[in-house]
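What the coordinates show
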Amino acid sequence: MARESSRQKPTEAELSLLNVLWKIGPATVRQIHDAVSETQSTGYTTVLKILQIMHDKTLVTRDETNRAHVYSPANSEVSTQSSLLKDLAAKAFGGSTSKLVMRAIGDSTSKEEIEDIRQLLNKLEKQA
């Protein structure tokens, strides 16, 4: 069971393609490859293979009604980020969200980011 759960976590390469899909929406392999190629050198067949693996892992869905298959993320960006953060907190910070947050903001946080964090904390306090 643990193996299946870890299988669902995207690799760095898969996360790169998911970021493209979250940004541009459902897309063909060509469209995804073109978007990825703007920032890194990756072959078309590499993108295709990664998408096929992602489909097998249920990280993306694939619409096969047209000749060019259209891929979409299976989960939202927020859902995926939350899952990855929970996993990171459990593995690297003993399950402590506060340790994770303190480490993240302790490094190089801008004044604007600190203000955004302050606003989020204020909002969370009002909801509690």
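Residues numbered from 1 in each chain as written. Predicted model: local features only at pLDDT ≥ 70, side-chain atom pairs only at ≥ 80, totals over all residues. Heavy atoms only, no water.

Quick look at helix α2 (residues 12–24) now. Here α2 contains 13 residues, and its C-alpha end-to-end distance of 19 Å stays within 8% of the 18 Å for a straight helix at 1.5 Å per residue. Within α2, the full set of buried residues consists of Glu14, Leu17, Leu18, Val20, Leu21 and Trp22. Lining the buried residues of α2 we find β1 (27–28), α3 (29–37), α4 (44–56), β2 (60–63), β3 (70–73) and α5 (77–92). Following α2 by one or two positions, Gly25 adopts a phi angle in the positive range, close to 85°. (Helix = DSSP H or I, 4+ residues; strand = E, 2+ residues; numbered from the N terminus. Expected span 1.5 Å × (residues − 1). Buried < 20%, exposed > 50% of the residue type's maximum accessible area, 1.4 Å probe, protein only. Contact = heavy atoms within 4.5 Å.)

Another point: the sheet that holds β1. The strand order β1-β3-β2 describes an open sheet built from three strands, whose pairing is antiparallel. Every other strand in the sheet has two partners, leaving β1 and β2 as the edge strands with one partner each. As judged from the two bridges shared by β1 and β3, these two strands associate in the antiparallel manner. Directly across from Ala27, in β3, lies its bridge partner Tyr71. Packing of α2 onto the sheet brings it into contact with β1, β2 and β3, and relative to β3 it is tilted by some 95°. (Pairing = 2+ DSSP bridges. Axes fitted to C-alpha atoms, helices over the stretch in contact; angles between N-to-C directions.)

On to the side chain of Ser72. Among the structural elements, Ser72 can be located in strand β3. Given a relative accessible area of 17%, Ser72 falls into the buried group. If we skip the residues at most four places from it in the chain, Ser72 touches Leu21, Pro26, Val60 and Thr61.

Counting 16 residues, the largest nonpolar core has Leu17, Ile32, Leu51, Met54 and Tyr71 as its most contacted members. Secondary structure elements with two or more residues in this core: α2, α3 and α4. Considering every element that reaches this core, the biggest residue donor is α2, with five residues. Apart from the residues within four sequence positions on either side, Leu51 is in contact with Leu17, Val29, Ile32, Val60 and Tyr71. (Core = buried A, V, L, I, M, F, W, Y, C linked by side-chain atoms within 4.5 Å.)

These figures capture arrangement, not role.
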